[in-house]
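# Results of the structural survey
So the chains spell out like this:
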Amino acid sequence: MVLNLLQWRSLSSSSLLKLTPPLFRFCCTFPFTNLSTFSNKRFMKKSSKHNPITQKATNFLRLFYLCRNIENLKPLGSVLIVRGLMRDKDAVAEFIISCFHLDTPELALSAFEGIEKPSVFLQNLMIRRLCNHGLFEDVLYVYLKCRVLGCSSDNFTFPFVIKASSALGAVWMAEGVHCVVFKTGFEENLVIQTALVDFYGKTGRMRKARLVLDMISQPDLVTWNALICGYSLNEFDKDAFEVLRQIRMMGLKPNVSTLASIIPLCTRMKCYDIGKSIHGFVIKSGFSSDVILTPALISMYADDGNLFVARNLFDSASEKNVVIWNSMISAYAQNQKFRVAFKMFQQMLQANIQPNVVTFVSIIPCCENPDNFWYGKSLHAHVMKYRLDSQLSVATALLSMYAKLGDLNSAEYIFYQMPRRNILSWNSMISGYGYNGLSEASLAAFCGMQVEGFDPDAISIISILSACSKLEAILLGKAAHAFSFRKGFDSNLNISNALLAFYSDCGQLSSCFKLFLKMALRNVISWNTVISGCVHNGDTEKAVALLHEMQQEECKLDLVTLISIIPIFSMTENLIQGMSLHGYTIKTGFACDVSLVNALISMYSNCGDINSGMSLFEVMPWRSIVSWNALMTGYRYHNLQNEVITSFCQMIREGQEPNYVTLLNLLPACSTLLQGKSIHAFAVRTGVIVEIPIITSLISMYARYENTNSCLFLFGMGEKKDIALWNAVMSAYIKTRNAKEVVTFFCELLHARVEPDFITFLSLISACVQLSCLNLSNSIMAYIIQKGFDKHIVISNALIDLYARCGNISVAKKIFEDLPSKDAVSWSAMINGYGLHGDSNAALALLSQMKHSGIRPDGCTYTSVLSACSHGGFADQGWMIFNSMVEEGVPPRMEHYACMVDLLGRTGQLSEAYNFVEKLPCKPSTSLLESLLGACTVHGNVELGEKISRLLFQLDPKNSGSYVILYNIYAAAGRWMDANRVRSDMEERQLRKLPGFSLVEGNSHPVE
């Protein structure tokens, strides 16, 4: 029974499957000859009524249209082979078309393999169908096979073969096809020429693409579009716009394809005004609803930060396909609107739009913030649901997300589960290790990548240079530099900037400058890197010079430049320069940036203009924790402890959570032990107690209140391999005058194999000063020389002071004279040493030498000189030095006034001393008045002694020393009743005289 066509088409798949065996038997018994006759419609129309065989043949060909799956199609393919119909092009063509219709190109290829000599028609059919299915390798295989079998090609063959070659990057194949085109005379075919323009453009050979186009007598809009697309892909932006201008001049109207290539150019070049004009042209031309242009326009407005227009474009799209959804999700992600991007993704799923690879590659990076961790987990689940986890780009995005979130176990699992890896996945793993501080693992991954046969690219080199910077692996970094040079990456600007950063971070400024000067092209990042390197390495003069040079080369300063350079203006004399930079930030519109304002607050505070810093802080629309810390640091720098506490309270009221830097500012401002303990408790509660700077600051706070037990407890909590912890506890014992404990801790430090630094030695030297032990001092100095710390001028200055105080002025003098360079502290320490030894003439002579050497004496130097004059009784010289200090612009401090009072008191000029005290611009200190009271004792001036005593009793009523001195004055004058009255006052106030002690050295150890 033969069914008519309508009956065949009405059959279900299951019914058709049941009919397959009898159909197969029917086809095998039918005496086929040549079906091409029956495929002729006119013949079938005339003979179907009179010839039953023709009707049967027609029904067989119609069977191909009825096949609904591969199981239906395979028996028909077998019939073609068994009945010898593979030579019939129409039958084979119908079979091939059915194979592709059922998405089984492998069956079509198998059938094509059986054709001994394929015709041009079958070749073109096969190539076109394969190309449409994206099977470009099979396209080239079929083409080459046909060439071998002697099958010729025509103008329908070449465009598809060229397209496949372009997709595979098979340049040799396409160029060979180009030669065949010339040989066979198809070089003037417009479709083939357009395909060649497209190929050369997509493979980066723009000169050849232009040459091919110029050879076309009348190129149409499609050909011009191919050239514009090539220019766009290869970032020849100006050339693309020039071609667009030529198109308009020729009277051709740009179509959707033209605009689809031009709009991304506007985005990349930041030519948003041109892009908006093109948008207007799109609307005018009636293309506004086009599904190709809408995503491009959304991306352009998103890049401009105009999410309002981008969203309007999305909402007005009549048909929202996956590409439009992806562009909107990417727009939100690009503008840091992560939660909105997630919401868009949810709406996309609710609209039954299935996400693709681009969707997940766009949205997964939104989860690289710890706050979005669970969103990332959810997206990973969706990736698994849609079976896209095997897609390399999606897996790489997930790998990068987990690495940024610190979940390296998940990142490594994804990496090692990848069926195949590319350079991008290796780079993500390398940078992931580096991001999490595992620089050695990053280096190992870099080596593993090369072992597996992947050549490092620019991103690989940049990642590995970052790892070398963190490890300070200079040799490895230089090896990476050599590798990049050998691979031809030396002209890559990003790699050059990464090398600059590496050399800068490792303190190799000479190599950094050498590379910088060799760079043919520099951008603002290059300048910022070298300027920042100079700042971090203390070469502020070079940083300023580079800043001026940068401006001369008309390279605009950006936020990073300003934030890098502002910290160098930290002295009072730099205030004008800092204000100039502030003016520049206002002029360029950077003044609203929070990070920049924070830097300006610090600059004004460091330059002594705390009021300007406060004004900037008060007008900030939004303040970060760094803003509060900058202001509080400024207050602490100016000893405005109450303001520090007030700012902290205000910060808490405004809901700002303090961090450990806040507590570091707060601890020195504590006026009571209870406040310090409260901060300690807060640090424990918030978990910041684990930070070493907090522990060391707490130790310093407890040391101020002589609570050594708490200091030891905190020391026990910290990481013993950190030298800062040892320095803190040693400094605490110095403050509490437990010098022996300092020496003990130093010995423990050495046993723990912790390397001391110069701060350690400064604490140790201070302990030796307190112990006045010459033998110990000699041992410490020997160890310092052995470790090479004697080259530090700070250490040498401390040693000068140590030996001067220990009585060995000759060694102090030798250390001073052997200094390769001397600063103001060096001169001050030596002058003070001469003063302590009573050699006032030598101290005054050294002051003259200091001035002749070009070093300006500071306040400490004048304190040492005035003290020396006091010890030598040089009243006239003392007055002259004090007056010259004022004339030279050094403001007198309390210690200078105290030295002058002591000098006048020692020389018996008590009235002048008292008059000097009365004229002081500030309230006199206790030590100053005690010095004058002591002079009254020596010179027997009872009346003045009584006046000074009354002032002292008001200033410090609990100081027993003042009462004792007054008692001695009365006793020396024979006024025993007054002396007994003073004793009675002491007893009423429950004051006791502090016992004195002497320190002598016995058996090489200090003994009290």
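So, here is what we can say about the structure in this document. On a predicted model such as this, the values are computed, not experimentally measured, just so you know.

### Observations regarding unusual backbone geometry
The backbone of Gln 336 shows a phi angle near 65°, a positive value even though the residue is not glycine. Phi at Asn 352 is positive, roughly 60°, even though this residue is not glycine. Looking at where Asn 352 falls in the secondary structure, it is placed in the loop between helix H22 (338-350) and helix H23 (357-363).

### Quick notes on the packing of aromatic side chains
Across all of its chains, the model carries 26 aromatic pairs by this definition. Geometrically, the ring pair formed by Phe 415 and Trp 426 is edge-to-face, given 4.8 Å between the ring centres and 80° between the ring planes. Taken together, the residues Phe 415 in helix H26 (residues 408-417) and Trp 426 in helix H27 (residues 423-435) connect sequence positions 11 residues apart. For Phe 415, a relative accessible area of 2% corresponds to the buried category.

### A look at the packing of helix H53 (residues 859-872) against helix H55 (residues 894-906)
H55 packs onto H53 with a crossing angle of 10° between their chain directions and a minimal axis gap of 9 Å. Looking at the two axes, H53 sits roughly parallel to H55. Residues Gly 859, Tyr 862, Thr 863, Leu 866, Ser 867, Cys 869, Ser 870 and His 871 of H53 touch H55, and the partners they reach there are Glu 895, His 896, Cys 899, Met 900, Asp 902, Leu 903 and Arg 906. Partitioned by chemical class, the residues of the contact of H53 with H55 number six nonpolar, six polar and three charged.

### So, the packing of helix H31 (residues 493-505) against helix H32 (residues 509-518)
Viewed as axis vectors pointing N to C, H31 and H32 meet at an angle of 160°, and their least axial separation amounts to 7 Å. Between H31 and H32, the crossing angle belongs to the class labelled roughly antiparallel. Once H31 is placed against H32, the crossing between them reads as left-handed. Facing Ser 496, Leu 499, Leu 500, Tyr 503 and Ser 504 of H31, the residues of H32 in contact are Leu 509, Ser 511, Cys 512, Leu 515 and Phe 516. Residue classes in the contact of H31 with H32 are distributed as seven nonpolar, three polar and no charged.

### Examining helix H9 (residues 120-132)
For H9, which comprises 13 residues, the first-to-last C-alpha distance of 18 Å matches the rise-based estimate of 18 Å (1.5 Å per residue) to within 8%. Among the residues of H9, Leu 122, Gln 123, Asn 124, Leu 125, Met 126, Ile 127, Leu 130 and Cys 131 are the ones counted as buried. Buried residues along H9 sit against helix H7 (89-101), helix H8 (105-113), helix H10 (136-148) and helix H11 (157-168). Where H9 ends, the next residue or the one after it, Gly 134, has phi of about 75°, a positive value.

Rules and cut-offs
Residues numbered from 1 in each chain as written. Predicted model: local features only at pLDDT ≥ 70, side-chain atom pairs only at ≥ 80, totals over all residues. Heavy atoms only, no water. Helix = DSSP H or I, 4+ residues; strand = E, 2+ residues; numbered from the N terminus. Phe/Tyr/Trp six-rings, centres within 6.5 Å; stacked < 30°, edge-to-face > 60°. Buried < 20%, exposed > 50% of the residue type's maximum accessible area, 1.4 Å probe, protein only. Axes fitted to C-alpha atoms, helices over the stretch in contact; angles between N-to-C directions. Parallel < 35°, antiparallel > 145°, perpendicular 65-115°, else oblique. Contact = heavy atoms within 4.5 Å. Nonpolar A, V, L, I, M, F, W, Y, C, P; charged D, E, K, R; others polar. Left-handed = near helix turned anticlockwise from the far one by under 90°. Expected span 1.5 Å × (residues − 1).

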